[in-house]
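Breakdown of the fold
One letter stands for each residue in the lines below.
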Amino acid sequence: NPVMFVVEITAALVTLIAVSNATGFQPVAGPSGLGFQVQIAIWLWFTVLFATYAEAVAEARGRAQAATLRRARSVTQAHRRTADGSLELVGSAELRRGDVIVVMEGETIPGDGDVIGGIGFVNESAITGESAPVLKEPGTDIRSSVTGGTTLTSDQLTIQISANPGETFLDRMIALVEGAKRQRTPNEIALSILLAGLTIVFFLAVVTLRPFGAFAGTTVDTVALVALLVCLIPTTIGGLLSAIGIAGMDRVARFNVLAMSGRAVEASGDVDVILLDKTGTITYGNRLAASITAAPGVTEAEALTAALIASAHDETPEGKSVVELARKRLAELKVPAGTDDEAGFKELVGTIKEDIPFRAETRSSGVRLASGQLVLKGAVDAIEHDLDAALPPMIRNETDRLSDAGATPLAMRQDGRIIGLIELKDTVKEGLVERFAEFRKMGIRTVMVTGDNPRTAATIAREAGVDDFIAQAKPEDKIAFIRKEQADGHLVAMTGDGTNDAPALAQADVGVAMNSGTSAAKEAANM
């Protein structure tokens, strides 16, 4: 800030003059007294401190971009296998390449490594943004690799650590976040040039007063010249820039937006490209039941009832959505069983004798009824394996159609009989299509970024109505896209909610973190 820099220099100069006169050490001659000099010095330092304090208040919360990532790196616990085969509890920072650890269901994987034992599903949404858990098993290049910070959602895995501290995914994220640089807004650049120009002009004008005064036989006091200079240059604008930013932060707070700096509010008005993370931002982040299709020879009511029974004790978001959809549709069909009301639902659940939990080996889950019947839902090929007859062509065609559309089909069977299909899909949030249309009218381009495969990404992009999409994106790809757009003169906003979004949020001119996201994302963002 050129204006405040000049004020700071003049404040130091006046202070030095006042101290010299007060102590008698090389006093400066002039018509002004010591009281005048002290008063001017106080006002100048007050102006500097006001501007500095306002800037500190506006930017302080944005300085903790990597703090949560560091905490995640240091506090994650690991069950490390010792030489005698027992397990010891250690912090993830103590793990070294070659160590063997055991991760239980529901635990966070503490470091990068390769699966050497067990089969399980890992939730990698924090890294790839893909909502569906990924199967991990030993012996394959893709399926055996796991990343620290992801979560094991089923079974148990034995993992050999492949990265030392400082070389893991979390460490790369910290380096990316800390290395990100935001560009200044066009308004900020233009205003800086204007302020610098005015400051130089008035500085030259004030400096010439002293020789003119000497030529006229008049002594012009240095402190008075300093006071005149500070009054002439746009000190108010320079000093109030941060205060104005704080006022903008308060304004957006009325719309449930917490701005971490005034510059973020200002930059928002100039944004012309918005990069949106798919999972948790455009979509809800969990695969939810979208439809239940009956197999040939099965009524819709039978298929809905089977889906309801198979998911009655499933506490996952997917299972709860199946129950909600099945009960809603049964109510619309007015099924005599009364499964749409609480009494009928409890009666139906009462027929369950045993829960069959999801396992990576079977890739299915369900229940055994008191009558001995087995009702299961799971991956189509896993369910097909135990059928009494071949999979009906209609079911196979519907499976292919759902997969091509980016959805996840689950088959249902009752003993050896196919019952139908459940469609799970990552649902686009309400109102986004209209909002993106508004952005388009304003000249703002929307780009969806996701770790999903191109086919799934294209489907979600069409449903959401974004202008473009980037599939199978890694954190480095997001930063590369933002830097390319910034190099082309665009101002970029990034919205996200995952740890993998933190570097891009830090790099973007406006980083908008969803409040439902991770702490790392919220600390890396400026809104």
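Scroll up a little and you will see the structure.
Below is a short write-up of the structure. On a predicted model such as this, the values are computed, not experimentally measured, just so you know. (Residues numbered from 1 in each chain as written. Predicted model: local features only at pLDDT ≥ 70, side-chain atom pairs only at ≥ 80, totals over all residues. Heavy atoms only, no water.)

Next up on the list: the overall build of the protein chain. Counting its regular elements, the protein chain contains 21 helices and 20 strands. The proportion of buried residues among the 527 residues of the protein chain is 46%. A fraction of 64% describes how many contacts in the protein chain between residues 6 or more apart in sequence connect residues 24 or more apart. In the form shown here, the protein chain has an accessible surface area of approximately 25,500 Å², with 58% of it arising from carbon and sulfur atoms. (Helix = DSSP H or I, 4+ residues; strand = E, 2+ residues; numbered from the N terminus. Buried < 20%, exposed > 50% of the residue type's maximum accessible area, 1.4 Å probe, protein only. Contact = heavy atoms within 4.5 Å. Areas by Shrake-Rupley, 256 points an atom, 1.4 Å probe, with all protein chains shown as cover.)

Another point: helix α16 (residues 393-404). Because an α-helix packs 3.6 residues into every turn, residues spaced three or four apart end up facing the same way. Between its first and last C-alpha, α16 extends 16 Å over 12 residues, near the 16 Å set by a 1.5 Å rise per residue. The complete set of buried residues in α16 reads I395, E398, T399 and L402. Taken end-on, α16 shows its buried residues confined to a sector of 105 degrees, consistent with a single buried face. More than 90 degrees from the buried face of α16, the exposed residues found are P393 and N397. Elements that come into contact with the buried residues of α16 comprise β11 (283-294), α15 (380-385), β15 (408-414) and β16 (417-428). One or two steps after α16, the chain reaches G406, where phi turns positive at roughly 90 degrees. (Expected span 1.5 Å × (residues − 1). Arc of directions from axis to C-beta.)

A surface patch of nonpolar side chains, about 540 Å² in accessible area, is lined by W43, F46, F50, L240 and I244. For the nonpolar patch, the secondary structure elements donating two or more residues are α2 (34-59) and α9 (235-253). Looking at the nonpolar patch element by element, the count peaks at three residues for α2. Along the chain, L240 turns up in helix α9. Classification of L240 by relative accessible area gives partly exposed; the value is 34%. (Patch = residues over 30% accessible without salt bridge, like charges linked within 9 Å, V, L, I, M, F, W, Y side chains within 5 Å. Salt bridge = Lys/Arg side-chain N within 4 Å of Asp/Glu carboxyl O.)

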